Every structure is written in C-alpha cells, then in structure tokens.
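What follows is each chain in one-letter form.
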Amino acid sequence: MDMDMEMELKRYVKVWVLATTCLCYCYYVAARLPKGALRLLSILPVIYIFIILPITLTSVSLCGPTAFFLVWLANFKLLLFSFGQAPLSPPPPKLFHFISLACLPIKLMQKTDNDNNPSPSFMPRLLLVIKTFVLLLLLHVHNYRQFIHPYVFLSLYCLEMYLQIELVLAISAIPARALFRFEIEPQFNEPYLATSLQDFWGHRWNLMVTSILRPTVYYPVSEFSKRLIGPKWASLPGVVATFVVSGLMHEVIFFYLTRVSPTWEVTWFFILHGICVAMEVALKKMVKDRWQLHRAISGPLAVIFAGVTGFWLFFPQLTRNRVDDQVVWECYILLNFIKHKVSSFFIG
C-alpha cells in the first residue's frame, strides 16, 4: 500500500509540475499576444492538457480537487483571459501571483473603506475548527455504515460532502494567503443560513464557482437574451444556462471520480435548480415588495429542497460507485503513509 501511495503522490507532483509549466507559458507567451482569437488559439493546447492531466491520477482524494482546479476553474479563467477579462487580465506583476489566481479557488477581496479596521477573524477560525472536528466524526461513522439506516447515512454523507468541499477549498487557499498575503474572499458563506434558493446558489454556496460562471455564462447569455425577450426577463435564460453548464461540469468531475459513463442525474439536478431559481426570480419581479415569505420559512424550505433533490439526483452516482468509502479508505492510507515516513525520518 505504501508503494502504491508513493507512486500516486509522484504522479500527483508530475501533474502539478506540468500544470505550472503550462501556466508559465500562458504568462510569458500568451499574455504578449493581443486578446481575442489569436490568444485563444495559443491557449487551447493548455486547456486540452488540463483536461487530460487528472486522468493520470487514480486516487479520488487527489484526482477530484485536481480536476476541479484545472479542468473547471483554470480552464474557465484562461478562457476569460483569452478575451482580456479578469481575474487574470491584466496579468498580475508576478508570475506566482498569476499561477495562484489561475489554478487555486481564490478570489482577491475587493478593497473597501473599512480595510483599515478589519473585523475580528476569531469566529471564522473557530467555525473551521468545529467543522474539521465534525468531518472527522463523520468519516469515522463509515465504520458503522451497516448499522445505519440508508436514508440517515445519506443525510450524514450530504453534510460530510459539504464539509469536505469547504475544508479542501479553505486549505488550498492557505499557501496563497500565507506566501503572498492575499486577502481572499470566503469560498462559502454558511449556506445553511440561506434565505432562498437564489440566496443559496448566488451568495452562499461555492462562491468561487459562482464568480467564474457569471462572466463566462450568465452575462453573455443574458446580454443575448435582451435582444429576444427584452431586459426585464433576460436574466432568466442566463440563470438556466448557468445551471446547465454547472451540471455538465459536475458530470465531468464525476467522471474523473468514478471512471464510468455519465448517468446525467447530476445534470438534471442542476437543471431542476436552475428552473426553480428562475421561477423564484420571476416571481419576485412580479410581486416586488407586495408580498414575500418570511426568511424563517423560505430559508429552511430552500435548504430542505436542496437536500431532498440532492438525495434524489446528486449523491446516488457517488454512493453507487462507492466514492464515499474510497475517500475514507484513502484518508486512512494517506495518514498511515505520512506517519510511516515521519517515523522513518526521525528513527533514521
């Protein structure tokens, strides 16, 4: 097992060395070309390389984040970069700033007048510690899966996945925060406190993805829709198109994790949510301030709807292919591997 893990870690390092080399090319070569078709043509080989790189990894714990960072975030940012749009354009003055912004799930915080009086960071750190502890408990629960009702286990797995994603994104942002002293916007904003589906997806859940999908999908589709249906309802096709693209990208990530043909369940999950969010936006436009549900009702309804539809369409593909158990198994293997290497180093 140690040999397998060692080989996988070597492949992981090679993947990121090649990815970093490709981003150096983008910084020194592609950035010198005029924005538009010429720069896009120069970047297309990098996009292709990023698509195939995660296939070389077999570990779910390493392949999943790598696919998310390179195939989704980096490729979408490079597409924006091709046409001279943020966050990579104009290119930052330092190479490693460019690399960090390109492939890490980070978004630099916008400066405000209150920057000289930062708010205390004790509570976010405390919440991070609590969430880490809860995640460790949930991982331990897998040892007793046979004694737990399937629906109860699926509910726990839903919470476990949320914590995994949030902690992985938070940990991956630490190097950029520590080395370059970047002030980074939070990737999650306590989604369980959402007041509606629109609030859940637009302002609380995986905000890095939201910030990338807006300029790449939502804004172009909304602008095009203005010519067809007018400005009042142009946002609705933009909302649905954004969720469709998100669903397709999740299918791609799920393929890297499971290595089986897509079942399109997760795409339908996002299409359903896209339609519901569009309906919510349309309803708000129609009633305006005349009537609205109290947040104490609309919030729990939104979170429950996300959970129930997740049980139905999002998680089955992962649990059916035992991705959840593989993650737990890999965590134990990785911890034992690190423990063995540390012991070997100190013993001699």
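Keep in mind it's a predicted model, so treat the numbers as computed, not measured.

J.: What is the right way to look at the environment of A37 in this model?
T.: Within the fold, A37 resides in helix α2 (residues 37-52). Of the residues examined, A37 reaches a relative accessible area of 56% and is grouped as exposed. Sequence spacing of A37 and P175 is 138 residues, and the spatial spacing of their C-alpha atoms is 33 Å.

J.: Explain the packing of aromatic side chains to me, please; I cannot follow it from the model alone.
T.: Any pair of aromatic rings gets described here by the distance separating the centres and the angle formed by the planes. Within the structure shown, the criterion is met by 25 aromatic pairs. When the ring of Y27 is compared with that of Y28, the centres are 5.1 Å apart and the planes differ by 85 degrees; the resulting orientation is edge-to-face. Y27 gets classed as buried once you look at its relative accessible area, which sits at 9%. For the ring pair F200 and W205, a centre distance of 5.6 Å and an interplane angle of 15 degrees mean the geometry is stacked. Taken as a pair, F200 and W205 share a single burial class, namely buried. Sitting above the plane of the F81 ring, R39 keeps its charged end 4.7 Å from the centroid.

J.: How should I be thinking about helix α3 (residues 60-82) in this particular structure?
T.: One turn of the α-helix equals 3.6 residues, which is why residues spaced by three or four share an orientation. Along its 23 residues, α3 runs 31 Å from first to last C-alpha, staying within 8% of the 33 Å computed at 1.5 Å per residue. The sharpest bend along α3 comes to roughly 30 degrees, located at A74. Along α3, 20 of the 23 residues are buried, which leaves the element largely enclosed by surrounding structure. Phi for G84, located one or two positions after α3, is positive at around 75 degrees.

J.: Any chance you could explain the pattern of salt bridges here in plain terms?
T.: It is possible for side chains bearing opposite charge to pair when their charged atoms get close. Enumeration over the complete set of coordinates arrives at 7 salt bridges. Among the ionic pairs, E166 bridges to K131, the shortest N-O distance being 2.9 Å. In this pair, E166 is assigned in helix α6 (residues 150-172) and K131 in helix α5 (residues 122-141), connecting sequence segments 35 residues apart. The same class applies to E166 and to K131, which are both buried.

J.: Help me understand empty space enclosed by the protein, please; the structure alone is not making it clear to me.
T.: According to the stated counting rule, one finds 1 cavity of 30 Å³ or more in the structure shown. The volume enclosed by the largest cavity comes to roughly 40 Å³. The wall of the largest cavity is formed by K107, E185, P186, Q187, L207, M208 and S211. Across the lining of the largest cavity, the residue classes tally to 3 nonpolar, 2 polar and 2 charged.

J.: What should I look at first to understand a nonpolar patch on the surface in this one?
T.: The grouping of Y48, I51, I52 and I55 at the surface amounts to a nonpolar patch, some 370 Å² of accessible area in total. Tracing the backbone through its elements, the reader meets I52 in helix α2.

J.: For this particular structure, what's the right way to read the packing of α2 against α3?
T.: Any two packed helices are characterised by the angle at which their axes cross and by the distance between the axes. Where α2 contacts α3, the axes come no closer than 10 Å and their chain directions differ by 180 degrees. Taken together, α2 and α3 sit at an angle that is classed as roughly antiparallel. Here R39, L40, I43, V46, I47, F50 and I51 of α2 come into contact with α3, specifically with L70, V71, A74, N75, L78, L79, F81 and S82. Class assignment for the residues of the contact of α2 with α3 results in 12 nonpolar, 2 polar and 1 charged.

Thresholds, definitions, all that
Residues numbered from 1 in each chain as written. Predicted model: local features only at pLDDT ≥ 70, side-chain atom pairs only at ≥ 80, totals over all residues. Heavy atoms only, no water. Helix = DSSP H or I, 4+ residues; strand = E, 2+ residues; numbered from the N terminus. Buried < 20%, exposed > 50% of the residue type's maximum accessible area, 1.4 Å probe, protein only. Phe/Tyr/Trp six-rings, centres within 6.5 Å; stacked < 30°, edge-to-face > 60°. Lys NZ or Arg CZ within 6 Å of the ring centre and 35° of its normal. Expected span 1.5 Å × (residues − 1). Bend = angle between axes of the 7 residues up to and from the residue. Salt bridge = Lys/Arg side-chain N within 4 Å of Asp/Glu carboxyl O. 1 Å grid on protein atoms, 1.4 Å probe; cavity = no way out; pocket = protein on both sides within 12 Å on 5 of 7 lines; lining within 4 Å. Points joined across faces, edges and corners; volume = space filled by probe spheres on them. Nonpolar A, V, L, I, M, F, W, Y, C, P; charged D, E, K, R; others polar. Patch = residues over 30% accessible without salt bridge, like charges linked within 9 Å, V, L, I, M, F, W, Y side chains within 5 Å. Areas by Shrake-Rupley, 256 points an atom, 1.4 Å probe, with all protein chains shown as cover. Axes fitted to C-alpha atoms, helices over the stretch in contact; angles between N-to-C directions. Parallel < 35°, antiparallel > 145°, perpendicular 65-115°, else oblique. Contact = heavy atoms within 4.5 Å.

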